[in-house]
Number of protein chains: 2
Amino acid sequence: MTTLKDIGTALGLSVTTVSRALNDFPEVSAQTRDRVRAAAERLGYQANRSAQRLATGRSGMVGMIVKTSADYRADQTFMEILVGMSAALAARDTDLVLAVDQGRDPVEPYRRMLGRDLLDGFILNAPVTHDPRISFLNERGIPLVVHGRDRVDADYPFFTIDNHAVAAESVQLLAALGHRRIAYLNGPEQYSYAARRAQGYRAAMAQAGLPVLEGALTHDPPTAAAGYRQALSLLAGQRGAPPTAFICGSLLLAEGVMHATVDLGLAVPRDVSVMAHDDGLPMLSASSFTPALTVTHAALHDACVPLANALVDLIGGADPMSLQVLNRAELIVRDSTGPAPETGRTPWP
Amino acid sequence: MTTLKDIGTALGLSVTTVSRALNDFPEVSAQTRDRVRAAAERLGYQANRSAQRLATGRSGMVGMIVKTSADYRADQTFMEILVGMSAALAARDTDLVLAVDQGRDPVEPYRRMLGRDLLDGFILNAPVTHDPRISFLNERGIPLVVHGRDRVDADYPFFTIDNHAVAAESVQLLAALGHRRIAYLNGPEQYSYAARRAQGYRAAMAQAGLPVLEGALTHDPPTAAAGYRQALSLLAGQRGAPPTAFICGSLLLAEGVMHATVDLGLAVPRDVSVMAHDDGLPMLSASSFTPALTVTHAALHDACVPLANALVDLIGGADPMSLQVLNRAELIVRDSTGPAPETGRTPWP
DNA sequence: CTGAAAGCGCTTACAG
DNA sequence: CTGAAAGCGCTTACAG
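Sequence order as written defines residue numbering, which begins from 1 separately in each chain. Key to labels: chains lettered from A, ligands numbered from 1, both in the order written. Where totals are concerned, whole chains, interfaces and linings use all residues; where local detail is concerned, this predicted model gives features only for residues with pLDDT of at least 70, and gives and counts side-chain atom pairs only at 80 or more. To obtain the side-chain values, all non-hydrogen atoms of the structure were used and water was disregarded.

## Some details on the overall build of chain A
For chain A, the helix and strand inventory stands at 12 helices and 12 strands. C-alpha atoms of chain A, sized along the principal axes, occupy 90 × 35 × 35 Å. Partly exposed residues are those whose accessible area sits between 20% and 50% of the maximum for their type, while under 20% is buried and over 50% is exposed, using a 1.4 Å probe and protein chains only. Within the span of chain A, comprising 349 residues, buried residues form 54% of the whole. Any pair of residues with heavy atoms lying within 4.5 Å of one another is described as a contacting pair. A separation threshold of at least 6 residues defines the contact pool for chain A, and within that pool the share at least 24 residues apart is 68%. Secondary structure elements are taken from DSSP: a helix is a run of H or I of four residues or more, a strand is a run of E of two residues or more, and numbering for both begins at the N terminus.

Rendered as structure tokens:
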């Protein structure tokens, strides 16, 4: 490995000057800087991270901890974030250390990683409301960015879509089409994104003067099986008048709902409208549903570059509050939503 | 952060002695060792990785590089390995650094990580035959372990199942049931596991005196869509006499095949037998297929602890050849395989 | 059995 | 504008 000393020797300079040249210190002359740069390039120099960390307290490495087992369902979205973050961090010359969490205590793995004194900060994802990991790290002044946010008045850097709007706009679209009985198949209750969508759903239903029917707001992991089960229960079950429209928290839930409509001999959108939120995951395309699915759309990978930059900037001393991004999802109307059926299949209760 | 000096000061010992006590050097007295251990525990000491690396050349960190985009299909298996390895490495006090590879040159990301001079070794997965990454790292003497192996005479540590046997035993089971036209829906050709299975398939077919029909050995990514398409083409297409049995490289391929049989009005196993290799991925259960699927079974996560241990031992100086594991997959006969139909749906060509 | 000292490769006051 | 020196927290010959 080439060291600063190697470059210095080659050029007849001290390591001090070489270090300064490479780190863009203003006092070094332009000519020296260029010579050093050229030599570093030629010799294939890359700074030794361990030595840098020891000297500066910064390692150029950040951590991400994945909850396993119970949360395996998050694989798809987690993998998307993980790979995207890793690439975006690499562009900022930062490495990503991965750890898994298998225990009950959500902060324990963070404590352990901090003890190693190796990482400059953390990326968290899938926050629950008032996430204990966030307060733990915040209290200790550890830089962190969050994909999502654990409360609306978050005081740390985050990137999230407006989940309240995601739900509300979906309701508004369907209400405008004349639907009155609108079911919302939401994600698991503890996650803040799901809690926020539930609020948006209720608010928009209230504003449209529509009742939230018994059992019409459900909380499940994003799987086709759950979507199928809930749709079957709502459409054919004994829970009162069936919904004429479904809003699904994910494409997988929508897949299950579509399956259920087929099995019940219902046509989409003639008998029932279906829409979903689309995270833009590869290999899961809303437009290739039959019929093509109306969605609110926000690709998860769009979060990665902003999050990576925010974390690196934060570590560099930027103001946390300036690193908060609230994005709006895009509403894409396709063929799975249509006017409410003139006469309900069953009379209004 | 507690340092060796802190412990030394608290105990009236030098950092030298503290370091030795913590690292189990034989010369330190049992009493001193215990005192040091207790103090370290009490003060919450964890060695600073960067300092250790600088002093010893070892960082306690290893790397894994994931190919993205084109290879996204590998998500499921990759995530399983990634999470499993991370946990298994943590048990050996080793951290995992993740990088993504988005380029064309497969060795470039390894070269870049080596330049950082941060990692003690690498875990590779999904090797292609004569994988250039493996020779690149081997030539430079970088410790590595491979999930799978890129050739049968591999001279590095690996953990793999016997893919030749996986295919051969499947053929033998079906041949014993009287099947003569057996299709093999394999994984992509370039991966060594798929190449090895193709060899096993051909060998077992030859040994059973059965012909490999035109188009009966296919290579596709492990998706339900590919399974569906191939099964449809083989069962209803113009490729000659249809197979009476399918062996699938993965559960997803089998899912597609099952779907195709339903659409064609064929009963499994009466009209056609179906079996697959099952990687033991969560949320994808062979026994919940209808009918329950006969499989060769080897859970991917079983590879993680052996691989993690092998890598740590290798870094510690163990003989690479002693760290090679070839496991046999388990044959589990369920309800999707049965005797070959008495009379073929179409006559023997 | 224990300790003082050098060194790993960097950064950063402090001098000039 | 450049350099000599100290220091980050460890490990490891070298002495005793």
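## Considerations on the protein's contact with DNA strand D
Around DNA strand D, the structure places 27 residues, and the nearest of them are Thr17(A), Arg20(A), Thr32(A), Leu4(B) and Ser19(B). Take the atoms of DNA strand D that sit within 4 Å of the protein: sugar and phosphate atoms are 61% of them. Polar contacts here mean pairs of N or O atoms no more than 3.5 Å apart (in protein, one a potential hydrogen donor and the other a potential acceptor; neighbouring residues in sequence count only if both atoms are side-chain atoms). In this structure, a sugar or linking oxygen belonging to DNA strand D sits 3.3 Å away from a main-chain N or O atom of Glu27(A). In this structure, a phosphate oxygen belonging to DNA strand D sits 3.4 Å away from a main-chain N or O atom of Asn48(B). Breaking the surface near DNA strand D down by element, the ones donating at least two residues are helix H2 (15-22) and helix H4 (49-56) of chain A together with helix H2 (15-22) and helix H4 (49-56) of chain B. Of all the elements, H4(B) adds the most residues to the surface near DNA strand D, at five residues. One heavy atom within 4 Å of a molecule or strand is enough for the residue carrying it to be called near that molecule or strand.

## What to know about the interface of chain A and chain B
Taken together, the contact between chain A and chain B spans 41 residues of the former and 41 residues of the latter. Where chain A abuts chain B, roughly 3700 Å² becomes buried across the two surfaces, and 61% of that area is made up of carbon and sulfur atoms. Between Lys or Arg on one side and Asp or Glu on the other, a salt bridge is scored when a side-chain nitrogen of the former is within 4 Å of a carboxyl oxygen of the latter. For the pair chain A and chain B, the number of links is zero salt bridges. Inspection of the chain A/chain B interface yields six residue pairs in polar contact (both at pLDDT 80 or more). Only H4, strand E1 (61-67), helix H5 (75-90), strand E2 (95-101) and helix H6 (108-116) of chain A provide two or more residues apiece to the side of chain A that touches chain B. Here the side of chain A that touches chain B gets eight residues from one element, more than from any other, and that element is H5(A). When residue character is reported, Ala, Val, Leu, Ile, Met, Phe, Trp, Tyr, Cys and Pro are called nonpolar, Asp, Glu, Lys and Arg charged, and the others, Gly included, polar. A per-class count over the side of chain A that touches chain B returns 22 nonpolar, eight polar and 11 charged. Two elements, E2(A) and strand E2 (residues 95-101) of chain B, share three bridges in a ladder whose sense is antiparallel. Considered in E2(B), the bridge of Leu96(A) is made with Leu98(B). Defined in terms of a 1.4 Å probe, buried area is the accessible area two parts forfeit on being brought together, summed over both. Here a strand pair is declared whenever DSSP counts at least two bridges between the two strands.

## Quick notes on the sheet that holds strand E12 (residues 330-332) of chain A
Backbone-to-backbone hydrogen bonds join strands into a sheet, with any given pair of strands oriented parallel or antiparallel. Residues and elements named next belong to chain A. Strands sit in the order E7-E6-E8-E9-E10-E12 across an open sheet of six strands; the sheet is mixed. Strand pairing shows two members of the sheet lacking a second neighbour, strand E7 (217-219) and E12, which therefore form its edges. Between one strand axis and the next, the sheet turns through 15 degrees on average, direction left out of account. The pairing of strand E6 (residues 182-186) with strand E8 (residues 245-248) spans four bridges and is classified as parallel. Its bridge partner lying in E8, Tyr 184 is registered against Ile 247. Contacting E6, E7 and E8, helix H10 (residues 224-236) crosses the sheet at an angle of about 155 degrees to E6. Here, axes are lines fitted to C-alpha atoms. For helices the fit covers the stretch in contact, and angles between N-to-C directions go from 0 to 180 degrees.

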